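Descriptive analysis of the structure
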Amino acid sequence: MAAASAAAPDSEVVMTSGFWFREEVTEDMSVTMRLKNITFDAKSEFQRAQIVETAPFGKTLVLDGKSQSAKFDEPVYHESLVHPALLMHPNPKSVYIGGGGEGATAREILRHKTVEKCVMVDIDEVVCNICKEQMPEWGAGAWDDARFEVHFEDAKAYLEKDERKYDVIIMDIADPIEAGPGIVLYTQEFYKFAVTKLNPGGILVTQSGPGSVLNADECFACINQTLRTVFDFVVPYTSDVPSFGSNWAFNMAFNKDSDIGAKLEAAAGASPSAKMLSAMTPAVFDDAIAARGLTGDLKFLDGISAAGIFGVPRPVRDTIEAETRVMTVANPVFMH
């Protein structure tokens, strides 16, 4: 996760002593971790960026006081973000990343040999460069892949002038925090535009903030509802990313003209979640991984794990179903 679109508040890791730091998860709850090292701490044009090392999670990128990616569990986050969408597409050749500055999202995309072009647009070159320097294992060679194209500018502005369309759009952007750099990229206006940048049968997936039974109403449900005003199907899912202090949420969106849309149309179940579990059983998902040549490459995701992430707990599903807010430029919704 990294920044993709303009200016942030003066925020940082909250130090409670010389050896601990605290990060708020909700207004009423925080997590405190033993701090082993701080190797980078600076403010770019857009946000406060830090690279720290904690005892439980290892090397961690922190932006504006929020953990973005930790060595311990970044494969869970990045495999969850990337592979469901790419595996649901029968032949993804072109992929757009909004944000993604650590390089790990590109790393996972480029595992798919069908991909001919992966375009990443992140507004903060400072963050991207320090990640390449101090977190090279995140990119794991992606930066040097001939299929990988990088631009340091506003993700939305770049798409608006880019004449290309994409098979998959992946929004790996900063959380929707007040005055944060990526808030417009969660709005109805952006999603209405993004759908025009998808090739027929295309898929959009976005990270969607915290997704536990405690805080799914913060922004996850609203992002899902906002996407539902634009796409025929929106499938919510969550993964256990403990360095974020909460289960983490994603929304995958597509229309009926897509391969997975046709499968869900025919599948049993009253909700997108139920239809996904019916259409994409563990065996079917494992077959898709094998067909794409990914067996053995993934650290987290397989058929049973996929059933787990798409099996969103009932209280979270109820929260999503009850949501009525639609995020717009005039009426944004912020996470804590």
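Above: the structure in question.
Below is a short write-up of the structure. Quantities reported herein were computed from a predicted structural model and do not represent experimental measurements.

Remarks on the overall build of the chain
Tallying secondary structure elements over the chain gives 12 helices and 13 strands in all. In terms of overall dimensions, the chain is globule-like: its C-alpha atoms have a radius of gyration of 18 Å, near the 20 Å expected for 336 residues. The dimensions of the chain, computed from C-alpha atoms along their principal axes, are 55 × 45 × 40 Å. For the chain, with 336 residues in total, the buried portion stands at 59%. A sequence separation of at least 24 residues applies to 69% of the contacts in the chain between residues at least 6 apart. Element-wise, carbon and sulfur atoms account for 51% of the exposed surface of the chain, whose accessible area totals about 12,700 Å². One way to put it: in the chain the 30 positive side-chain charges average out to a point 3 Å from where the 48 negative ones average out.

Some details on the side chain of Glu74
Note that Glu74 resides in helix H1 (residues 74-88). You can call Glu74 buried: its relative accessible area is 7%. Other than its neighbours up to four places away in sequence, Glu74 contacts Ser69, Ala104, Arg107 and Trp138.

Remarks on the packing of H1 against helix H10 (residues 282-291)
Contact geometry of H1 with H10 gives a least axis separation of 10 Å together with a crossing angle of 90°. The pairing of H1 with H10 is recorded here as roughly perpendicular in orientation. Here H1 contributes Pro84, Leu87 and Met88 to the contact with H10, which in turn contributes Phe285, Ala288 and Ile289. Partitioned by chemical class, the residues of the contact of H1 with H10 number six nonpolar, no polar and no charged.

A closer look at the packing of aromatic side chains
For any pair of aromatic rings, the description consists of the separation of the ring centres together with the inter-plane angle of the planes. Taken as a whole and judged by the stated rule, the model has 11 aromatic pairs. Judged by centre distance (4.7 Å) and plane angle (65°), the rings of Phe244 and Trp248 are edge-to-face. Phe244 sits in the buried class, given a relative accessible area of 7%. A cation sits over an aromatic face here: Lys132 above Trp143, 4.9 Å from the ring centre.

A look at the environment of Phe72
Looking at where Phe72 falls in the secondary structure, it is placed in the loop between strand S6 (66-70) and H1. Sequence separation of Phe72 and Phe57 is 15 residues, and the distance between their C-alpha atoms is 4.9 Å. Once residues within four sequence positions are removed from consideration, Phe72 is found in contact with Pro56, Phe57 and Pro242.

Quick notes on the sheet that holds strand S10 (residues 166-172)
The sheet built from seven strands is open, its strands ordered S9-S8-S7-S10-S11-S13-S12 with mixed pairing. Each of the sheet's edge strands pairs with one partner strand only, and the pair in question is strand S9 (148-151) and strand S12 (233-241). Going from strand to strand, the sheet's axes swing by 15° on average, the running direction of each strand aside. The sheet contact formed by strand S7 (residues 94-99) and strand S8 (residues 117-121) spans five bridges and is parallel. Residue pairing for S8: Tyr96 is matched across the bridge by Val119. Along the sheet face, helix H8 (residues 259-266) touches strand S11 (198-210), S12 and strand S13 (246-254) and points at about 100° away from the line of S12.

Conventions adopted
Residues numbered from 1 in each chain as written. Predicted model: local features only at pLDDT ≥ 70, side-chain atom pairs only at ≥ 80, totals over all residues. Heavy atoms only, no water. Helix = DSSP H or I, 4+ residues; strand = E, 2+ residues; numbered from the N terminus. Rg over C-alpha atoms; globule rule 2.2 N^0.38 Å. Buried < 20%, exposed > 50% of the residue type's maximum accessible area, 1.4 Å probe, protein only. Contact = heavy atoms within 4.5 Å. Areas by Shrake-Rupley, 256 points an atom, 1.4 Å probe, with all protein chains shown as cover. Lys, Arg positive; Asp, Glu negative; His and termini not counted. Charge placed at Lys NZ, Arg CZ, Asp CG, Glu CD. Axes fitted to C-alpha atoms, helices over the stretch in contact; angles between N-to-C directions. Parallel < 35°, antiparallel > 145°, perpendicular 65-115°, else oblique. Nonpolar A, V, L, I, M, F, W, Y, C, P; charged D, E, K, R; others polar. Phe/Tyr/Trp six-rings, centres within 6.5 Å; stacked < 30°, edge-to-face > 60°. Lys NZ or Arg CZ within 6 Å of the ring centre and 35° of its normal. Pairing = 2+ DSSP bridges.

Without other data, these values stay purely geometric and don't point to any function.
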